[in-house]
Amino acid sequence: MIRALTTVAFLSLACALLLWAVNAATANPIAEARQRAMQGSLAMLAPRTALLSAAELQQWPLRLCDGVTLVRATGRGYGGAIELALALTPANAEPTISNLQVLRHSETPGIGDFIAEQHSERWLARFIKQTPSTLRVRSEQLDAVSGATITVAAIRKTLIQAL
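Since the model is a prediction, treat every value here as computed from it, not as a measurement.

Criteria and thresholds
Residues numbered from 1 in each chain as written. Predicted model: local features only at pLDDT ≥ 70, side-chain atom pairs only at ≥ 80, totals over all residues. Heavy atoms only, no water. Helix = DSSP H or I, 4+ residues; strand = E, 2+ residues; numbered from the N terminus. Contact = heavy atoms within 4.5 Å. Areas by Shrake-Rupley, 256 points an atom, 1.4 Å probe, with all protein chains shown as cover. Salt bridge = Lys/Arg side-chain N within 4 Å of Asp/Glu carboxyl O. Buried < 20%, exposed > 50% of the residue type's maximum accessible area, 1.4 Å probe, protein only. Pairing = 2+ DSSP bridges. Expected span 1.5 Å × (residues − 1). Bend = angle between axes of the 7 residues up to and from the residue. Core = buried A, V, L, I, M, F, W, Y, C linked by side-chain atoms within 4.5 Å.

Regarding its fold elements, the chain presents 5 helices and 4 strands. Secondary structure of the chain in N-to-C order comes out as α-β-β-β-β-α-α-α-α. Sequence-distant contacts, at least 24 apart, represent 45% of the contacts inside the chain between residues at least 6 apart. For the chain, the exposed area adds up to about 10,200 Å²; of that, 59% sits on carbon and sulfur atoms.

A separate point is the pattern of salt bridges. Within this structure, the stated rule accounts for 1 salt bridge. The salt bridge involving Arg 72 is made with Glu 83; its shortest N-O contact spans 2.5 Å. Remark: Glu 83 occurs in strand S3 (residues 81-91) and Arg 72 occurs in strand S2 (residues 69-76); sequence separation between them is 11 residues. Judged by its relative accessible area of 12%, Glu 83 is buried.

In this section: the environment of Pro 95. Among the structural elements, Pro 95 can be located in strand S4 (residues 94-104). Pro 95 sits in the partly exposed class, given a relative accessible area of 24%. Placed 68 residues apart in sequence, Pro 95 and Leu 163 show a C-alpha to C-alpha distance of 6.6 Å. Those residues in contact with Pro 95, other than ones at most four positions away along the chain, are Leu 88, Thr 89, Gln 130, Thr 131, Pro 132 and Leu 163.

A word on the pairing of S2. Relative to S2, strand S1 (residues 62-63) is paired through 2 bridges, and the arrangement is antiparallel. The residue bridging Leu 62 from the neighbouring strand is Leu 70, located in S2. Joining the antiparallel neighbours S1 and S2 is a turn of 5 residues, in which Gly 67 adopts a positive phi near 90°.

Working note: α-helix, 3.6 residues per turn, so residues spaced by three or four point in the same direction. Taking 1.5 Å of rise per residue, 44 residues should cover 64 Å, and helix H1 (residues 2-45) covers 61 Å from first to last C-alpha, within 8% of that figure. Within H1, the axis deviates most sharply at Thr 26, by approximately 40°, and proline Pro 29 lies no more than four positions further along.

A few words now on the nonpolar core. One broad rule of soluble globular proteins: the nonpolar side chains tend to lie buried together. If you look at the biggest cluster of nonpolar residues, it comprises 19 residues, and the most contacted ones within it are Leu 84, Leu 86, Ile 97, Leu 100, Phe 127, Ile 155 and Leu 159. Breaking this core down by element, the ones donating at least two residues are S2, S3, S4, helix H2 (120-124) and helix H5 (149-162). In terms of residue count, the dominant contributor to this core is H5 (6 residues). When sequence neighbours within four positions are dropped, the list of residues in contact with Ile 97 reads Leu 86, Ala 87, Leu 88, Phe 127, Ile 128, Lys 129, Gln 130, Leu 135, Leu 159 and Leu 163. If you look at the next biggest cluster of nonpolar residues, it comprises 11 residues, including Met 38, Leu 42, Ala 46 and Leu 62.

Have a look at this one:
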């Protein structure tokens, strides 16, 4: 019995050490890959962000010289957090969405993950040129994805809060 417990304890310690070593070896490459993905998303959002350093990209909101402000917003969808980046332009008294990207999400594959798939650009385009007041008024026109009502509502609510 003691021999079995010793063996289990030794194997547990060996597994813990192996997990720690893998985590230590992959932490930097994962962080670098996330940074590159963020820069790529932001470059699609506003091409001038490609000129910003990694340190500058950590300071949100980002105010660009052409009057565009990049804002990061997080909302709660059905599967967890939905992180968005928005390019806002000043228009009259209200900011207007000029572009947006989904940075991260945890939505259900095949149902709510449409927000980050390749065809999502067409769906997300309905939010372009929207202001806080038009998002509140036109909410019934934006709920157009069967089975993903919570995801759609979360994106709309996140956009309203970000604006």
